[in-house]
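# Working through the structure, step by step
Single-letter residue listing:
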Protein chains: 2
Amino acid sequence: MRLLDLLGRRWALRIVWELREHPRRFRELQDAIKASPTTVNARLAELRAARLIQLDPASGYRLTVEGRELLRLFLPLHVWSEKWAKKLPT
Amino acid sequence: MRLLDLLGRRWALRIVWELREHPRRFRELQDAIKASPTTVNARLAELRAARLIQLDPASGYRLTVEGRELLRLFLPLHVWSEKWAKKLPT
DNA sequence: CCAGTGCGCTACAATTTATGTAGCATACTG
DNA sequence: CAGTATGCTACATAAATTGTAGCGCACTGG
């Protein structure tokens, strides 16, 4: 599954998630997810190649139309995970 | 996001995916996803701790009720990804 | 009794990936 | 021309993953 190859990498889905509301700068993303610039940049490159995000020089990294579709489909999963997480130990 | 911490690791979501139809044995999973036993075992332990999968000695690893919920929510995403993947280069 | 098989899983060295920190190059601003 | 923000790279260290071998246990057929 191509999607899992991409999203099953550390920070990939998390970056999409951070872009859910508005575009973010490289450094903003870095701070938000607390990963190294090396890794952030690697994931950004992959997500760009996958056409899920794009860099708009004026405002920063943002979701593409496809990125927003992906996010929209992911939302129910997020809602579910809130309840799920509460039931877990620790 | 707790869910992303868990699923944003290599093979985690893939394992859930492989269990979608029926239970699988340790070695079956290993062969199916072609990862090392070390990693498979690490992910299995995490998924078990997260109560998404469970080991039934009689039949192998299987999704829990919660695991099946997660999978169900993931399905639309999978459908979408088929179309998405086709539009990509390489 | 005991060799054979399937099971979940571990040991361990090698490789790949991520981290943390520093800094580059460019562009814009006062 | 100093200051700042931008995306991003270099590089050494640490962590995760891989590949291969094999352990310990239970069960099975001869």
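Here the structure is shown first, and the text comes after it.
Everything numeric here is computed off the predicted structure, so don't read it as measured data.

## A closer look at the packing of helix α3 (residues 26-33) of chain B against helix α4 (residues 37-49) of chain B
Residue and element names in this part refer to chain B. In contact at an axis separation of 10 Å, α3 and α4 are set at 115 degrees when each is read in the N-to-C sense. Relative to α4, the element α3 lies roughly perpendicular. The two elements α3 and α4 meet at a crossing, and its hand is right-handed. On α4, the residues that touch F26, L29, Q30 and I33 of α3 are P37, V40, N41 and L44. Of the residues that constitute the contact of α3 with α4, the class distribution is six nonpolar, two polar and no charged.

## Here we look at the protein's contact with DNA strand D
Taken together, 19 residues lie near DNA strand D, and A:R27, A:N41, A:Y61, B:T38 and B:T39 sit nearest. The share of sugar and phosphate among atoms of DNA strand D within 4 Å of the protein is 52%. Measuring from a phosphate oxygen of DNA strand D, one finds a side-chain N or O atom of A:R25 at 3.2 Å. B:W11 places a polar side-chain atom, nitrogen or oxygen, 3.1 Å from a phosphate oxygen of DNA strand D. If you list the elements that add at least two residues to the surface near DNA strand D, you get α3 (26-33) and α4 (37-49) of chain A together with α4 of chain B. The residue inventory of the surface near DNA strand D, partitioned by class, reads seven nonpolar, five polar and seven charged.

## Notes on the environment of B:L77
Structurally, the position occupied by B:L77 is in helix α5 (residues 65-86). Considered as a pair, B:L77 and B:S59 are 18 residues apart in the sequence and their alpha carbons are 28 Å apart. Each residue touching B:L77, except ones within four places of it in the same chain, is listed here: A:L3, A:L70, A:L73, A:F74 and A:L77.

## Concerning the relation of the copies chain A and chain B
When chain A is fitted to chain B, the residual RMSD is 0.1 Å, and the transformation amounts to a turn of 180 degrees plus an axial shift of 0.0 Å. Between the two chains, the operation in question is that of a two-fold axis. Rotation axis and chain A: the residue whose C-alpha lies nearest the axis is A:G8, separated from it by 2.7 Å. When the interface residues of chain A are mapped onto chain B, 97% of them are again interface residues, pointing to one common binding face.

## Overview of the pattern of salt bridges
Per the counting criterion, the structure on display carries 12 salt bridges over all chains. A:R9 is the partner of A:E46 in a salt bridge, and the nearest nitrogen-oxygen pair spans 3.8 Å. Within this pair, whereas A:E46 is found in helix α4, its partner A:R9 is found in the loop between α1 (2-7) and α2 (12-18), the two being separated by 37 residues in sequence. With a relative accessible area of 23%, A:E46 lands in the partly exposed category. For the salt bridge of B:K87 with A:E66, the shortest nitrogen-to-oxygen distance reads 3.4 Å.

## Some remarks on the protein's contact with DNA strand C
Near DNA strand C there are 19 residues, and of these A:T39, A:R43, B:R27, B:N41 and B:Y61 occur at the shortest range. Of everything in DNA strand C that lies within 4 Å of the protein, sugar and phosphate atoms constitute 53%. A:T39 is positioned such that a nitrogen or oxygen atom in its side chain is 2.9 Å from a phosphate oxygen of DNA strand C. Interatomic distance of 3.1 Å between a side-chain N/O atom of B:R48 and a phosphate oxygen of DNA strand C. Breaking the surface near DNA strand C down by element, the ones donating at least two residues are α4 of chain A together with α3 and α4 of chain B.

What counts as what
- Residues numbered from 1 in each chain as written.
- Chains lettered and ligands numbered in written order.
- Predicted model: local features only at pLDDT ≥ 70, side-chain atom pairs only at ≥ 80, totals over all residues.
- Heavy atoms only, no water.
- Axes fitted to C-alpha atoms, helices over the stretch in contact; angles between N-to-C directions.
- Helix = DSSP H or I, 4+ residues; strand = E, 2+ residues; numbered from the N terminus.
- Parallel < 35°, antiparallel > 145°, perpendicular 65-115°, else oblique.
- Left-handed = near helix turned anticlockwise from the far one by under 90°.
- Contact = heavy atoms within 4.5 Å.
- Nonpolar A, V, L, I, M, F, W, Y, C, P; charged D, E, K, R; others polar.
- Near = heavy atom within 4 Å.
- Polar contact = N/O pair within 3.5 Å; in protein donor to acceptor, adjacent residues only side chain to side chain.
- Least-squares fit on C-alpha atoms with pLDDT ≥ 70 in both.
- Salt bridge = Lys/Arg side-chain N within 4 Å of Asp/Glu carboxyl O.
- Buried < 20%, exposed > 50% of the residue type's maximum accessible area, 1.4 Å probe, protein only.

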